[in-house]
Amino acid sequence: MTNKTTKEIRLIGGVGKYGSGEVIDQVKILLDRNYVLEFHNTQGLRILGLIKLIISLVKNKKLTIFQPSISFPAFLRDVIIFLSLKFSLSPRIFLLLTRLDFRNKIMKHKFFQKLFFSNHRIISTAKHLLLEDEIPIFRQFMPSLHELQNNHKLNRDFKNKLLCHFGYLEEFKGFKNFVSVSKKYSHFNFLAIGQHLKRRKNYHVRSYGNLEIIETKDIKSFKREMIKSLKNDPIFLFCSNQDLSPLVVLECGALGIPIICLEGSISEEILNNFIPRDCFVSLKNLNEISSSNFVVDLKRSLFQMDLYLSKLTLKNFSGDFLKAIT
């Protein structure tokens, strides 16, 4: 067991089962092993918890790592936390795990970007095109599906191509774009697996012509349905227009599900900022799926993704993160 240093550190962020919540959970574990940690979970933070956090910020001027939510309405809460941090004069590091303009038109303006982030340390799991300065990037870690990867994935012939959406069935995750594409290319088969943000008692299956939608109720059912899709030849058509570091991309890579996107799209920009360029395939249009080189390109991207995933260990994640905050 690692001996903790005498240095104290404060972490403010939201722990959860998805995306950035998984990252914060691992960061919390890592900091707790190496520092005397004070943690404030912003997931579901209420007024009493916010008051306790503000009092702590004013009383104790320790290094603070803050993961702002950026999006409304949580952004309003985080503005209060930001002002309290600034008033406390505590040294601080911003941990950015989402795009600055995610559901937030304010952060598209340089004035507000500089107001919030200038002269402060910033670290992230991916590049931020809205920020002019270079910021330290620490490698993502491989999520829990890694041990379920298909060892025979490179031998697939991809005859039964199934274009898939994995994740929330919401517009900001690209689901609306995915549905539009499925209507445009009616000669291909499409499958969407995920859940709506509003909870429902039961999940169900719906079909719309060439599009099948499997609505899951939780993370377990989502992963179960995702693995079931392997009986076909699933291809992840990445349509998201708001992500920064989408873990589902790595999960697909671990399961041997290749990733494609459309050239010139925001989705391509997100992938370029998150994973190596040769780990996915960009297409001018989906009709290129029928070309003779497509399967070759898919297999090449899967091979490169395997090489990349082999570096995404928790050990490397820990080393990169601790280096970034020192």
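One can find the structure itself at the top, above this paragraph.
Residues numbered from 1 in each chain as written. Predicted model: local features only at pLDDT ≥ 70, side-chain atom pairs only at ≥ 80, totals over all residues. Heavy atoms only, no water.

1. Thoughts on the overall build of the protein chain
So, step 1. A tally of helices and strands in the protein chain yields 10 helices and 12 strands.
So, step 2. Here the protein chain holds 326 residues, and the buried ones make up 52% of them.
So, step 3. Taking contacts inside the protein chain between residues at least 6 apart in sequence as the whole, the part at least 24 apart equals 71%.
So, step 4. For the protein chain, the computed accessible surface area is about 16400 Å², with 53% contributed by carbon and sulfur atoms. (Helix = DSSP H or I, 4+ residues; strand = E, 2+ residues; numbered from the N terminus. Buried < 20%, exposed > 50% of the residue type's maximum accessible area, 1.4 Å probe, protein only. Contact = heavy atoms within 4.5 Å. Areas by Shrake-Rupley, 256 points an atom, 1.4 Å probe, with all protein chains shown as cover.)

2. What to know about helix H7 (residues 247-254)
So, step 1. The element H7 is extensively covered by neighbouring structure, given that eight of its eight residues are classed as buried.
So, step 2. Within H7, burial applies to Leu247, Val248, Val249, Leu250, Glu251, Cys252, Gly253 and Ala254.
So, step 3. Backbone geometry just downstream of H7 places Gly256 in the positive-phi region, at approximately 80°.

3. Some thoughts on unusual backbone geometry
So, step 1. Although it is not a glycine, Leu89 adopts a positive phi angle of roughly 65°.
So, step 2. Examined against the element boundaries, Leu89 turns out to sit in the loop between helix H3 (74-88) and strand S4 (92-96).
So, step 3. Residue class for Leu89 comes out exposed when judged on its relative accessible area of 65%.

4. Some details on the environment of Gly21
So, step 1. Summarising the element assignment, Gly21 is placed in helix H1 (residues 19-34).
So, step 2. Sequence-wise, Gly21 and Leu97 are 76 residues apart; in three dimensions their C-alpha atoms are separated by 9.4 Å.
So, step 3. With residues near it in sequence (within four places) discarded, Gly21 still touches Gly14, Val15 and Gly16.

5. Re the sheet that holds strand S5 (residues 121-124)
So, step 1. The five strands are arranged S2-S1-S3-S4-S5 in an open sheet whose pairing can be described as parallel. Of all the strands in the sheet, the pair left with one neighbour each is strand S2 (36-41) and S5. On average, each strand axis in the sheet is tilted by 20° relative to the strand beside it, whichever way the strands run.
So, step 2. In the packing of helix H2 (residues 47-59) onto the sheet, the strands contacted are strand S1 (8-13), S2 and strand S3 (63-66), and the crossing angle to S1 comes to about 150°. (Pairing = 2+ DSSP bridges. Axes fitted to C-alpha atoms, helices over the stretch in contact; angles between N-to-C directions.)

6. Describing a nonpolar patch on the surface
So, step 1. Side chains of Ile47, Ile51 and Ile55 sit close together on the surface and give an oily, nonpolar patch of about 300 Å² of accessible area.
So, step 2. In this fold, Ile55 is placed in helix H2.
So, step 3. Using a relative accessible area of 42% as the deciding quantity, one classes Ile55 as partly exposed. (Patch = residues over 30% accessible without salt bridge, like charges linked within 9 Å, V, L, I, M, F, W, Y side chains within 5 Å. Salt bridge = Lys/Arg side-chain N within 4 Å of Asp/Glu carboxyl O.)

7. Comments concerning the pairing of strand S6 (residues 161-166)
So, step 1. Buried residues dominate S6, accounting for five of its six residues.
So, step 2. Looking at chain direction, S6 and strand S10 (residues 233-237) are connected through four bridges and run parallel. Across the sheet, Cys164 pairs through a bridge with Phe236, a residue of S10.
So, step 3. As for the winding sense of the linkage, the β-α-β connection from S6 through helix H5 (residues 175-184) to strand S7 (residues 189-194) is right-handed. (Right-handed = clockwise from strand over helix to strand, strands pointing away.)

8. Comments concerning the pattern of salt bridges
So, step 1. Scanning the model with the defined rule gives eight salt bridges in all.
So, step 2. Of the charged contacts in the structure, one is a salt bridge between Glu38 and Arg10, with a shortest N-O distance of 3.2 Å. Of this pair, Glu38 sits in strand S2 while Arg10 sits in strand S1, and the two are 28 residues apart along the sequence.
So, step 3. Under the relative-accessibility criterion, Arg10 is labelled buried at 0%.
So, step 4. Lys173 is paired through a salt bridge with Asp243; the nearest N and O atoms lie 2.6 Å apart. Note that Lys173 is positioned in the loop between S6 and H5 and Asp243 in the loop between S10 and H7, a separation of 70 residues in sequence.
So, step 5. Assessed through its relative accessible area of 13%, Asp243 is described here as buried.

9. Some remarks on the nonpolar core
So, step 1. Ranked by internal contacts, the top residues of the largest apolar core, which has 34 residues, are Phe166, Phe236, Val249, Ile259 and Ile275.
So, step 2. No other element matches the six residues that H7 contributes to this core.
So, step 3. Leaving out residues up to four positions away in the same chain, Val249 has contacts with Phe236, Phe238, Ile259, Leu271, Phe274, Ile275 and Met305.
So, step 4. Of all hydrophobic cores here, the second largest spans 25 residues; its members include Val179, Tyr185, Phe188 and Leu286. (Core = buried A, V, L, I, M, F, W, Y, C linked by side-chain atoms within 4.5 Å.)

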